[in-house]
Structure formats: structure tokens, C-alpha cells
Amino acid sequence: DVKVTQSSRYLVKRTGEKVFLECVQDMDHENMFWYRQDPGLGLRLIYFSYDVKMKEKGDIPEGYSVSREKKERFSLILESASTNQTSMYLCASSPPFQTVKPQHFGDGTRLSIL
Amino acid sequence: GNSVTQMEGPVTLSEEAFLTINCTYTATGYPSLFWYVQYPGEGLQLLLKATKADDKGSNKGFEATYRKETTSFHLEKGSVQVSDSAVYFCALGDTGRRALTFGSGTRLQVQP
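The structure presented is a predicted model; accordingly, all values stated were derived computationally and were not measured.

This part is about the side chain of A:Q85. Residue and element names in this part refer to chain A. Here Q85 lies in the loop between β8 (73–78) and β9 (87–94). Overall, the relative accessible area of 5% leaves Q85 in the buried class. Setting aside residues no more than four positions away along its own chain, Q85 makes contact with R36, E62, G63, Y64, L78, S80, L111 and I113.

Structural data, given as C-alpha cells:
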């Protein structure tokens, strides 16, 4: 079974801090994704990566950056955390697609910015 | 662009009731369609999928049929259980965009 592991289930940080959310997958997947989940809004794509050191902006990249130095690890960085970034963050991975493949999700990190 | 619209929740049912959660989509081309489920405190799990028109995806008693003519992928289950209480997400994927497009989610509460 694919396992996607997010480093923290719950995280509390202060406004202005630099915050790192880590995600590791064990299935050698090329594609990795960061989503944000908010009530009534579903999942919104922040960034994704299709290869090491490669990244593309999603629908809501403002205030975030990402890093993918190794294939199995994809980090989401909040450069200067703000209260409107309080949310559930979900990481996902999938194999490369010539046809669409399902994504595999981690359990999420619930981030609170005070 | 792609979009997915789901019926709003919460949906509250009694055990053994029939479930329908509506999902319609807008997309160019021929997308693949998915239902994901999120149990409390967990991430999303793939529930079922369909990759072409008239395909029926099924799993754990849940079913959904890809209807191109009505651009719909409604989720159904004949007899729900308390353990089915969760949030259900409809999603769409196509080869032109690597990430999936998700609906807003529908919370299902099943009462004993």
C-alpha cells in the first residue's frame, strides 16, 4: 500500500513565523501535491511537483513556497505565517500519468496560526 | 476551466436508508471521475473511480455511474451504516492538468 506521511498532525505557530510542513511518500511517485482544505471550499491546490526540483503553482500559491530536493519528500513553506493560513493541509502523491491516476493522501496537518 | 459541484450537506440519514449524493461537473474533453471519502481525523481515501462514459465504479456497497449526457457522477448506496459517516468528495481529473479538481465535499451523518 502507498503510504504518504505528513510530519505533524497538529501544529500551532505564531504570526510572522516561517513554517515548514513536511511530506514523505514511499512509492517512488513522480507527482506530489499540497492542498489546503477549508469548510465549504473543498480542497484547493497550492502547489504541485512533477519531478525533483520541479514545481508548478496551483490555484492559491500566494504566501506559500515549496521544496522538492528528493523524490520522496515535498515540503510546503509558509514564508511569513498569517492567521488566514490557519487550515488543514493535505499532501498527496501519484504516479506519472499518460492517463489520469488517483492520488494518495496523507492524514493531514491541522495548522493554527495565532 | 474544470469545476465540480456537489450537493450541500450535511446529509443526515437513519441506518439502512438509501443514500444519494449528487455530483455534476464541467470539463473539456473526457475526464476521469472519482469519489473520495474522509473519515474523521483522517486524510482522503479513494472510494471509487470511473474513467469513461457509462463506466460504473463500485466499492464497499457504494456505486456511481459516469453519465456524460448529464455530466454527472452521483454516489449511491442502498443501505447506509453508522460507519459510513464521513465527508465525501467528488473529483475530476484530466491529462491536461496534473492535479485533481475537487468539489466542496458533502458531510454524511448516519444515525442508529
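Quick look at the interface of chain A and chain B now. Facing the 24 residues of chain A at the interface are 21 residues of chain B. Across the chain A to chain B interface the summed buried area is about 1800 Å²; carbon plus sulfur atoms make up 61%. Between the two partners, chain A and chain B, sit zero salt bridges. Remark: the boundary between chain A and chain B carries five residue pairs in polar contact (both at pLDDT 80 or more). For the side of chain A that touches chain B, the elements supplying multiple residues, two or more each, are β4 (31–38) and β5 (42–51) of chain A.

Turning our attention to the pattern of salt bridges. Residue and element names in this part refer to chain A. Counting across every chain of the model gives ten salt bridges over all chains. Its salt-bridge partner being K71, residue E30 comes within 3.1 Å of it at the nearest N-O pair. Of the two residues, E30 sits in the loop between β3 (19–25) and β4 while K71 sits in the loop between β7 (64–70) and β8, which places them 41 residues apart along the sequence. On the basis of relative accessible area, E30 is assigned to the partly exposed category, the value being 24%.

This paragraph deals with unusual backbone geometry. Residues and elements named next belong to chain B. A cis geometry characterises the amide bond from G9 onward to P10, with omega recorded as 0 degrees. Within the element layout of this structure, P10 appears in the loop between β1 (3–6) and β2 (11–14). Phi is positive for E16, which is not a glycine, with a value near 75 degrees. If you trace the backbone, E16 turns up in the loop between β2 and β3 (19–21). Positioned with a positive phi, K60 is a non-glycine residue whose angle comes to about 55 degrees. For K60, a relative accessible area of 51% gives the class exposed.

Attention now moves to the sheet that holds β7(A). Strands belonging to one sheet form pairs held by backbone hydrogen bonds; the direction of such a pair is parallel or antiparallel. All names here are of chain A. The four strands are arranged β1-β3-β8-β7 in an open sheet whose pairing can be described as antiparallel. A single partner strand is all that each edge strand has here, and the edge strands are β1 (4–6) and β7. Averaged over all pairs of adjacent strands, the angle between their axes in this sheet comes to 20 degrees, without regard to strand direction. Alignment of β3 against β8, held across six bridges, turns out to be antiparallel. The residue of β8 that forms the bridge with V19 is L78.

As a further point, take the nonpolar core. Grouped together as the largest cluster of nonpolar side chains are 26 residues, with contacts concentrated most on B:L19, B:W35, B:L47, B:L48, B:F73, B:L75 and B:Y88. Secondary structure elements with two or more residues in this core: β2, β3, β4 (23–26), β5 (32–38), β6 (44–50), β8 (62–65), β10 (86–94) and β12 (106–111) of chain B. At four residues, the largest contribution of residues to this core is made by β10(B). When residues no more than four places from it in sequence are discounted, the contact partners of B:L19 are B:V11, B:L13, B:F62, B:L75, B:E76, B:K77, B:V80 and B:L108. Core analysis: the second largest hydrophobic core is formed by 20 residues, A:L11, A:L76, A:C91 and A:L111 among them.

With that settled, consider the packing of aromatic side chains. Scanning the model with the defined rule gives twelve aromatic pairs over all chains in all. The interplanar angle of 40 degrees and the centroid separation of 5.6 Å between the aromatic rings of B:F62 and B:Y88 together place this pair among those described as tilted. Taken together, the residues B:F62 in strand β8 and B:Y88 in strand β10 connect sequence positions 26 residues apart. The pair B:F62 / B:Y88 is uniform in exposure class, with both members buried. Through successive ring pairs, a cluster of aromatic residues spans A:F33, A:Y35, A:F48, A:F105, B:F34, B:Y36, B:F89 and B:F102.

What counts and what doesn't
Residues numbered from 1 in each chain as written. Chains lettered and ligands numbered in written order. Predicted model: local features only at pLDDT ≥ 70, side-chain atom pairs only at ≥ 80, totals over all residues. Heavy atoms only, no water. Helix = DSSP H or I, 4+ residues; strand = E, 2+ residues; numbered from the N terminus. Buried < 20%, exposed > 50% of the residue type's maximum accessible area, 1.4 Å probe, protein only. Contact = heavy atoms within 4.5 Å. Buried area = accessible area lost by both parts, 1.4 Å probe. Salt bridge = Lys/Arg side-chain N within 4 Å of Asp/Glu carboxyl O. Polar contact = N/O pair within 3.5 Å; in protein donor to acceptor, adjacent residues only side chain to side chain. Pairing = 2+ DSSP bridges. Axes fitted to C-alpha atoms, helices over the stretch in contact; angles between N-to-C directions. Core = buried A, V, L, I, M, F, W, Y, C linked by side-chain atoms within 4.5 Å. Phe/Tyr/Trp six-rings, centres within 6.5 Å; stacked < 30°, edge-to-face > 60°.

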